[in-house]
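# Architecture and fold: a report
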Amino acid sequence: MYKTNTCGELTITEVGQKVRLCGWIQKSRDLGGMTFIDLRDRYGITQLTFNMETNPTLCEQARTLGREYVIQVKGTVAERYNKNKNIPTGDIEIIVETVNVLNASKLPPFTIEDNTDGGDELRMQYRYLDIRRNAVKNNLLFRHKLSMEIRNYLSGQGFVEIETPFLISSTPEGARDFLVPSRMNEGKFYALPQSPQTFKQLLMIAGMDKYFQIVRCFRDEDLRADRQPEFTQVDCEMSFVTQEDVLQTFEGLYKTLFQKMKGISMEDFPRMTYNDAMKYYGCDKPDLRFGMPFVELNDLLQYRNFSLFNEAELIIGICAENCGNYTRKQLDALTDFVKRPQVGAGGLVYIVCNADGSFKSSVDKFYGQEDLQTVAERCNAKAGDLILILCGKTEQTQKAMNELRLEMGNRLGLRSSDLFKPLWVIDFPLLEWDEETQRFYAKHHPFTAPKPEDEYLLENNPAAVRANAYDLVINGVEVGGGSVRIYQREIQKKMFQVLGFSDEEAQKQFGFLMNAFEYGAPPHAGIAFGFDRMCAVFNGVDSIRDFIAFPKNNSGKDVMINAPSSVSKEQLKELNITVNE
Ligand code: ASP
């Protein structure tokens, strides 16, 4: 037996016991007469003690052991003289009798400490050392626990985990596919799935009723901090359900997860239509940890002498409470913020609500005190508040105000990472017009059903058709989304027509699904959650990379194993791929 105990479990109750421990040397301290070693494994740290007087040979040996050496020790648990209240094993130490060096270690390229001196690139290159650090290790443990809780809950609700294939065929909708050449079928390619969407629908037709899978998905997109080319979804589908059933089931999942993972009892999640989300927050994933909704001001501010407002499609304001004392410099900084190309506003208009009930604004030339007062009332502003106003084209102004609102939330400390505000956004539009290609795209995906009451609009006013499609948003992050699906061939066919597919194209690409619809497809609906993102959101961090054992960097590379890499000419030849040199 290598070890009797872990490095995280021995306490005062085991004093006197003979034990064996294995682990890595975190650090050693040589105090002349005594040498102390902190031995670390996944479970914790235990102090080892070597006494120069009672066992000089062993003590000399201990002094030769470097950081991250892997050792096995035999010894006796003893009560510590200097107790360490910060760790569970802090009351005891091991009086070591023998040391067995299992493996030496080179000096690690960065310190294996909570606050390491290693930069991003270096830590990615030596990810196995990075994972030894508490921060990364705990994230992986959290991820494991979360996946167990999800499986327990869903299994308890009658969901069955079923695997779907990774080698499938490429489809033109959605993001770019990763392709895999087929050796046995010359000139043909598999694609890695962007999601198991069509397979889970086929499983419903197959009668499996409730399916889930914690599954890897692949999308060849340009990367951002919160995107990975391969990521994990909690993918779910149910038969004979309405939107309401889906929302209830998965609200139940999240309530359970908040309870089990964070010890928080959540109230029922609020719901907001897509249209309201855009109107009041300028985005489809509002952060509801704070208020500051948009207030429309067109009718109050237009048709005076101020041409900027008169020419605007939309004028909206937000009220920043108690910010009336902002200095010129702070207001200038906000103006610079909204003018940044990423935000894209032309300028910022402000109204300060003075303590004496008067107003001071950047448009005093055009508006009198009474005008400003009506604006303040509309915005629910009180003395001491600051009203920030943007105007321009509708979409652009909503987008810019969304950024400004979030920025104000940050500045005012209203986006605390231990506050959780979930929201269902519902009634998404079915379609989205793309100016560049001059065609409609499915807002969610082409298998999403139009709301029955909007179906008649499909032919003549497709942009107005709403779907029973929903997103779950937590703290302004979209953690998942899904929809009620089409399950009748005719409607699916019509949907593909609206998306600009010829009937032949539709049959060629999705014939397998449309044919299956003709063999007794049940009404069904589902949802998928980004599992990596769920981990990040529960922990109040932005980057999903911290919760993936071996993530890719911003250029989609794994610098540790050097992927992607070149392959030999022979391999390419076997795959019938010719490369011009
Ligand atoms: N397959 C969809 C996605 O990956 C989710 C769903 O509709 O269930 O976004």
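First, a word on scope: everything that follows refers to the structure included in this document.

What counts, and at which threshold
All residue numbers refer to positions counted from 1 along the written sequence of the respective chain. Since the coordinates come from a predicted model, pLDDT governs what is reported: local features require at least 70, and pairs of side-chain atoms require 80 or more to be given and counted, while whole-chain, interface and lining totals use all residues. Side-chain metrics rest on all non-hydrogen atoms present in the structure, leaving aside hydrogens and water. Paired strands are those between which DSSP finds at least two bridges. Only DSSP runs of H or I with at least four residues qualify as helices, and only runs of E with at least two residues qualify as strands; both kinds are numbered from the N terminus onward. In this description, contact between two residues means that some pair of their heavy atoms is separated by no more than 4.5 Å. Axis lines are fitted through C-alpha atoms, for helices just across the contact stretch, and the angle between N-to-C directions can take any value from 0 to 180 degrees. When a carboxyl oxygen of Asp or Glu is within 4 Å of a side-chain nitrogen of Lys or Arg, the pair counts as a salt bridge. Note on exposure labels: buried denotes an accessible area under 20% of the residue type's maximum, exposed denotes more than 50%, and partly exposed covers the range between, all computed with a 1.4 Å probe on protein chains only. Throughout this document, a residue counts as near a molecule or strand when at least one of its heavy atoms sits within 4 Å of that molecule or strand. Here a polar contact is taken to be a pair of N or O atoms separated by no more than 3.5 Å, where protein atoms must pair a possible hydrogen donor with a possible acceptor and residues adjacent in sequence count only if both atoms sit in side chains. Residue exposure ignores everything except the shown protein chains as possible cover, and the areas themselves are Shrake-Rupley values with a 1.4 Å probe. Stacked, tilted and edge-to-face are the three classes applied to pairs of Phe, Tyr and Trp rings, where Trp contributes its six-membered ring and a pair requires centres within 6.5 Å; stacked means planes under 30 degrees apart, edge-to-face means over 60, and tilted covers the rest. Criterion for a charge above a ring: Lys NZ or Arg CZ within 6 Å of the ring centre, and within 35 degrees of the ring normal. Nonpolar cores were defined as sets of buried Ala, Val, Leu, Ile, Met, Phe, Trp, Tyr and Cys residues, with membership established by side-chain atoms within 4.5 Å.

### Some thoughts on the sheet that holds strand β15 (residues 359-361)
Spatial strand order, β12-β13-β16-β14-β15: five strands in an open sheet with antiparallel pairing. This sheet does not close on itself; its edge strands, each paired only once, are β12 (295-296) and β15. Where strand β14 (residues 349-353) lies against β15, three bridges are found, and the strand directions are antiparallel. When the bridges of β15 are listed, Val352 appears paired with Lys360. Strands in contact with helix α11 (residues 369-378) are β12, β14, β15 and β16 (386-392); relative to β15, the strand with the most contacts, it is inclined by about 95°.

### Considering the pattern of salt bridges
A full pass over the atoms with the stated rule returns 37 salt bridges. Its salt-bridge partner being Lys200, residue Asp235 comes within 2.7 Å of it at the nearest N-O pair. In this pair, Asp235 is assigned in strand β10 (residues 230-239) and Lys200 in helix α5 (residues 197-205), connecting sequence segments 35 residues apart. Taking the relative accessible area as the measure of exposure, Asp235 reaches 1% and is therefore buried.

### Details of the sheet that holds strand β3 (residues 44-51)
Taken in spatial order, the five strands close into a barrel running β1-β2-β3-β5-β4, and their pairing is mixed. The sheet shows a mean angle of 55° between the axes of neighbouring strands, taken without regard to direction. Pairing of strand β4 (residues 70-79) with strand β5 (residues 92-103) involves ten bridges; the strand directions are antiparallel. Within the sheet, the bridge partner assigned to Lys74 lies in β5 and is Thr98.

### Remarks on the site of the ligand
Neighbouring residues of the ligand: 13 residues in total, closest Gln197, Lys200, His444, His445 and Arg485. Within the side chain of Gln197, an N or O atom sits 2.7 Å from a nitrogen atom of the ligand. With respect to the ligand, the side chain of His445 contributes an N or O atom lying 2.9 Å from an oxygen atom. Its free accessible area being 270 Å², the ligand has 88% of it covered by the protein chains.

### Notes on the pairing of strand β1 (residues 18-30)
By the bridge criterion, seven bridges tie β1 to β4 in an arrangement that is antiparallel. Within β4, the position partnered with Cys22 by the bridge is Gln72. Bridging between β1 and strand β2 (residues 34-41) involves six bridges; their strand directions are antiparallel. Bridge pairing in β2 links Ile25 to Leu39. In this antiparallel pair of consecutive strands, β1 and β2, the connection spans three residues, and Gly32 shows a positive phi of 75°.

### Details of the packing of aromatic side chains
Two aromatic rings, taken as a pair, are described by how far apart their centres are and by the angle between their planes. The full count for this structure, using the stated rule, is 20 aromatic pairs. A centroid spacing of 6.2 Å and a plane angle of 50° characterise the contact between Phe309 and Tyr367, whose relative ring orientation is tilted. Taken as a pair, Phe309 in helix α9 (residues 307-310) and Tyr367 in the loop between β15 and α11 lie far apart in primary sequence, 58 residues in all. Clustering of aromatic rings is evident, with ring pairs tying together Phe142, Phe159, Phe250, Tyr254, Phe258, Phe420, Phe529, Phe538 and Phe547. The ring of Phe290 has Arg405 sitting right over it, with the charged end atom 4.0 Å from the ring centre. The ring of Tyr441 is capped by Arg439, whose NZ or CZ atom sits 3.7 Å from the centre of that ring.

### Concerning the nonpolar core
Generally speaking, a soluble globular protein has its nonpolar side chains buried in company with each other. Ranked by internal contacts, the top residues of the largest apolar core, which has 42 residues, are Leu146, Ile150, Phe250, Tyr254 and Met534. With eight residues, the top contributor of residues to this core is helix α6 (residues 243-262). Residues contacting Tyr254, with those up to four places away along its chain left out, are Phe269, Leu472, Ile474, Val479, Phe529, Met534 and Phe538. Ala442, Val473, Phe501 and Ala506 belong to the second-largest nonpolar core, a separate cluster that totals 35 residues.

The analysis is restricted to geometry; functional conclusions fall outside its scope.
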